[in-house]
Amino acid sequence: MSTERRAPLDRKRVADTALRLLNEVGLEGLTLRAIAKELDVKAPALYWHFKDKQALLDEMATEMYRRMVADGEPALDTTWQERLLTSGRGLRTALLSYRDGAKVFSGSRFTGTLHAVEMERTLRLFTEAGFTLAQAVRATTTAYMYTLGFVTEEQGVQPLPDERREGYDIEERARLMADFPLSAAAGAEIFEDYGRHFEEGLALVIAGIEALYGVS
């Protein structure tokens, strides 16, 4: 009989295991049964910690945020434009570290208040720059949702940076759409070079905020 003691089953261990398994099976394959098997426990044991899969996804998103904050450099309070650039880039990098990372994050509710630390700093930076609180919220959430939506579509084509889903061959797409030359040529602008496209899109968001609210 083995005398090796296993780590106690707690919320963090379950979430860590789920995130590791996520990169192997994706969100659709991430079932409580699969996680329980990975942990070598019975599935009902997980319900002591999470009432359902969404509760687990909330904890997974929270753990992803914890890791993102721990890995990132402290944000410097320079300009609101630079804060949006830094935040957007950091979030995209974090989400791309996990298969379906954007889908896990989308719609999830953080289980703690760690995120409020950066949120408070960001809103203060914006309001001190001349935004009303409502404008600051709209500006930051728009940039956040742009990033989340962008990465969701990006991972629909490239689940992980070194993978590409079948059906997204640019040359084959152009051949099939030969009767629509502009749409055919647009394929390379839609499904390639995601890093550059993300930066251009984020710059568009920031320019739009400047133009609409008149805060530079």
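Every residue gets a number counted from 1 within its own chain, in the order that chain's sequence is written. Since the coordinates come from a predicted model, pLDDT governs what is reported: local features require at least 70, and pairs of side-chain atoms require 80 or more to be given and counted, while whole-chain, interface and lining totals use all residues. Water and hydrogen atoms play no part in the side-chain values, which are based on all heavy atoms of the structure.

S.K.: Looking at this structure, how should I read the pattern of salt bridges?
M.R.: Charged atoms that come close allow side chains of opposite charge to pair. Salt bridges, as used here, are contacts in which a Lys or Arg side-chain nitrogen is within 4 Å of a carboxyl oxygen on Asp or Glu. One pass over the full model with this rule turns up 18 salt bridges. Among the salt bridges present, the one from R196 reaches E200, with a minimum N-O distance of 3.0 Å. Of the two residues, R196 and E200 both sit in helix 11 (residues 194-213), four residues apart, roughly one turn of that helix. Partly exposed describes any residue whose relative accessible area lies between the buried limit of under 20% and the exposed limit of over 50%, with all areas from a 1.4 Å probe on protein chains only and scaled to the type maximum. Accessibility expressed as a relative area gives 34% for R196, which makes it partly exposed. One network of salt bridges, with partners in common, ties together R11, K12, D16, E59, E63, R66 and R67. Numbering of helices and strands runs from the N terminus, with a helix taken as a DSSP run of H or I at least four residues long and a strand as a DSSP run of E at least two residues long.

S.K.: Explain the side chain of D100 here, please?
M.R.: Structurally, D100 is set in the loop between helix 4 (80-95) and helix 5 (101-105). In this charge count, Lys and Arg are treated as positive and Asp and Glu as negative; neither His nor the chain ends contribute. Buried charge without a salt bridge: D100, with K103 as the nearest opposite-charge side chain at an N-O distance of 4.4 Å. Identification of polar contacts relies on pairs of N or O atoms within 3.5 Å, with a donor-acceptor requirement for protein atoms, meaning one able to donate a hydrogen and the other able to accept it, and with residues adjacent in sequence counted only if both atoms are side-chain atoms. Of note is the side chain of D100, whose polar atom sits 2.8 Å from the backbone nitrogen of L27. Discounting residues that sit within four places of it in the chain, D100 has contacts with G26, L27, Q155 and P159. Here, two residues are considered to be in contact whenever any of their heavy atoms come within 4.5 Å of each other.

S.K.: Whenever I open this one, the environment of G90 confuses me. Can you help?
M.R.: Mapped onto the elements, G90 comes out in helix 4. Residue class for G90 comes out partly exposed when judged on its relative accessible area of 28%.

S.K.: Before we go on, may I ask you to explain the UniProt feature "domain: HTH tetR-type" (unreviewed entry) in the protein in this structure?
M.R.: UniProt positions are given in the numbering used here, feature names are shortened, and annotations may be inferred rather than shown by experiment. In this numbering, the UniProt entry assigns the feature "domain: HTH tetR-type" (unreviewed entry) to residues 8-68. Structurally, residues 8-68 is divided into 70% helix and 0% strand, and its ends, taken at the C-alpha atoms, are 25 Å apart.

S.K.: Quick question: what am I supposed to make of the UniProt feature "DNA-binding region" (unreviewed entry) in the protein here?
M.R.: Under the UniProt annotation, "DNA-binding region" (unreviewed entry) lies at residues 31-50. In the segment residues 31-50, helix accounts for 40% and strand for 0%; the C-alpha atoms at its two ends are 13 Å apart.

S.K.: Sorry, what's going on with the packing of aromatic side chains here?
M.R.: Here a ring pair, both rings aromatic, is described through the centre-centre distance and the interplanar angle of the planes. Working definition: rings of Phe, Tyr and Trp (its six-membered ring) pair if their centres are within 6.5 Å, and the pair is stacked with planes under 30 degrees apart, edge-to-face with planes over 60 apart, and tilted otherwise. Under the criterion given, the structure shown has eleven aromatic pairs. Geometrically, the ring pair formed by F105 and F110 is edge-to-face, given 5.7 Å between the ring centres and 75° between the ring planes. F110 gets classed as partly exposed once you look at its relative accessible area, which sits at 22%. A centroid spacing of 5.3 Å and a plane angle of 65° characterise the contact between F150 and F198, whose relative ring orientation is edge-to-face. Residue F150 is located in helix 7 (residues 133-157), and its partner F198 is located in helix 11; the two are separated by 48 residues in the primary sequence. Per residue, the accessibility class of F150 equals that of F198, and both read buried.

S.K.: I tried to follow the packing of helix 6 (residues 114-129) against helix 7 on my own but got confused; where do I start?
M.R.: Packed helices, taken two at a time, are described by the angle between their axes plus the distance between the axes. Under this scheme, a helix contributes an axis fitted over its contacting stretch, all axes are lines through C-alpha atoms, and angles between N-to-C directions fall in the 0 to 180 degree range. The geometry of helix 6 relative to helix 7 is characterised by a closest axis approach of 9 Å and an angle of 120° between their N-to-C directions. The angle between the axes of helix 6 and helix 7 places the two elements in the oblique class. Crossing of helix 6 against helix 7: the hand is right-handed. Taking contact as the criterion, the partners of T122, L123, F126 and T127 in helix 6 are, on helix 7, L133, A136, V137, A139 and T140. Class assignment of the residues belonging to the contact of helix 6 with helix 7 gives a composition of six nonpolar, three polar and no charged. What sets the label is the angle itself: under 35 degrees gives roughly parallel, over 145 gives roughly antiparallel, 65 to 115 gives roughly perpendicular, and the rest give oblique. By definition, turning the near helix anticlockwise from the far helix through less than a right angle yields a left-handed crossing, and turning it clockwise yields a right-handed one. Lys, Arg, Asp and Glu make up the charged group, whereas Ala, Val, Leu, Ile, Met, Phe, Trp, Tyr, Cys and Pro make up the nonpolar group; the residues left over, Gly among them, are polar.

S.K.: Quick question: what am I supposed to make of helix 4 here?
M.R.: Since the α-helix turns once every 3.6 residues, residues separated by three or four places project in the same direction. For helix 4, with 16 residues, the first-to-last C-alpha span of 22 Å sits near the 22 Å given by 1.5 Å per residue. When helix 4 is considered as a whole, its buried residues turn out to be W80, Q81, R83, L84, G88, L91, R92, A94 and L95. Structurally, helix 4 contributes buried residues whose contacts are with helix 3 (53-71), helix 5, helix 6, helix 7 and helix 11. One less than the number of residues in a helix, times 1.5 Å, gives the span that helix is expected to have.

S.K.: Is there a simple way to explain the nonpolar core in this structure?
M.R.: A general trend in soluble globular proteins is that nonpolar side chains are found buried together. Throughout this description, the term nonpolar core refers to a set of buried Ala, Val, Leu, Ile, Met, Phe, Trp, Tyr and Cys residues connected via side-chain atoms within 4.5 Å. L22, I35, L56, M60, L95 and F105 are the most contacted members of the largest nonpolar core, which has 29 residues in total. Within the residue set of this core, elements represented by two or more residues are helix 1 (11-29), helix 2 (32-39), helix 3, helix 4, helix 5 and helix 7. At seven residues, the largest contribution of residues to this core is made by helix 3. Apart from residues lying up to four places away in sequence, I35 is in contact with V14, T17, A18, L21, L30, L46 and L56. In terms of nonpolar packing, the next biggest core, distinct from the first, is built from 20 residues, W80, L84, I206 and I209 among them.

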